[in-house]
Amino acid sequence: MQEMASSSWKRRGSSFVWSPELLGPLIIEGDATPLRTVLGWLETGFPDSPPGDRQTILVGGLQTALEAMLPDVETAYAWLRANILRLCQECGDRWERVGLVFGMDGSGRLFTYNEADDLVYFGKGTDRSKLLPVTRGIWNGAATGNGAYKLMVEETKEVGGYHVQRVS
């Protein structure tokens, strides 16, 4: 997985971000859109333009939803594939130059990057069978290889989130 220090993730593709340094400017720009609202777009249709006509849709509530489903990894994974993967695909098709950012409110320690399979896992503990392969659930095959990025916090050089440019 490549590293990204630029801000292009805010204007294209989809990301999940927990770093206050990366989320701060987005929070100052405007309110987060509730997860329930953006999921509703899948059923009722997308609005003509993103909320506030901004280039970034900041979504709140994904982490809470995932935590409520765990420790049932299979249910959480199926839900991600049925809802969030589809949302990322349709949002990218609808607004090519708009970034979809899921603001996570927990510690970066809840996210573990595994170099062996090039995936990010969500949850507590070290037993991968009990962790949610969040990048595969959200981004499918785009979760690995050249299209996936670690979002780096410039000041600390720590990972503050993950991003893909396009989900097909």
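Below is a summary of the structure that appears in this document. (Residues numbered from 1 in each chain as written. Predicted model: local features only at pLDDT ≥ 70, side-chain atom pairs only at ≥ 80, totals over all residues. Heavy atoms only, no water.)

### What about the side chain of His163?
- Residue placement: His163 occurs in strand β9 (residues 158-164).
- Taking the relative accessible area as the measure of exposure, His163 reaches 1% and is therefore buried.
- Among all residues touching His163, those that are not within four sequence positions of it are Met4, Trp9, Arg12, Gly13, Ser14, Ser15, Trp139, Gly147, Ala148, Tyr149 and Leu151. (Helix = DSSP H or I, 4+ residues; strand = E, 2+ residues; numbered from the N terminus. Buried < 20%, exposed > 50% of the residue type's maximum accessible area, 1.4 Å probe, protein only. Contact = heavy atoms within 4.5 Å.)

### Quick notes on the pairing of β9
- For β9, the tally of buried residues reaches five of seven residues, placing the bulk of the element in the interior.
- Relative to β9, strand β2 (residues 14-17) is paired through four bridges, and the arrangement is antiparallel. By the bridge assignment for β9, Phe16 is matched with Tyr162.
- Note that strand β8 (residues 148-153) and β9 share six bridges and pair antiparallel. Each bridged residue has a counterpart across the sheet, and for Lys150 the counterpart in β9 is Tyr162.
- Hairpin connection between β8 and β9: a loop of four residues separates the two successive antiparallel strands, and Lys157 in this loop has a positive phi of roughly 60 degrees. (Pairing = 2+ DSSP bridges.)

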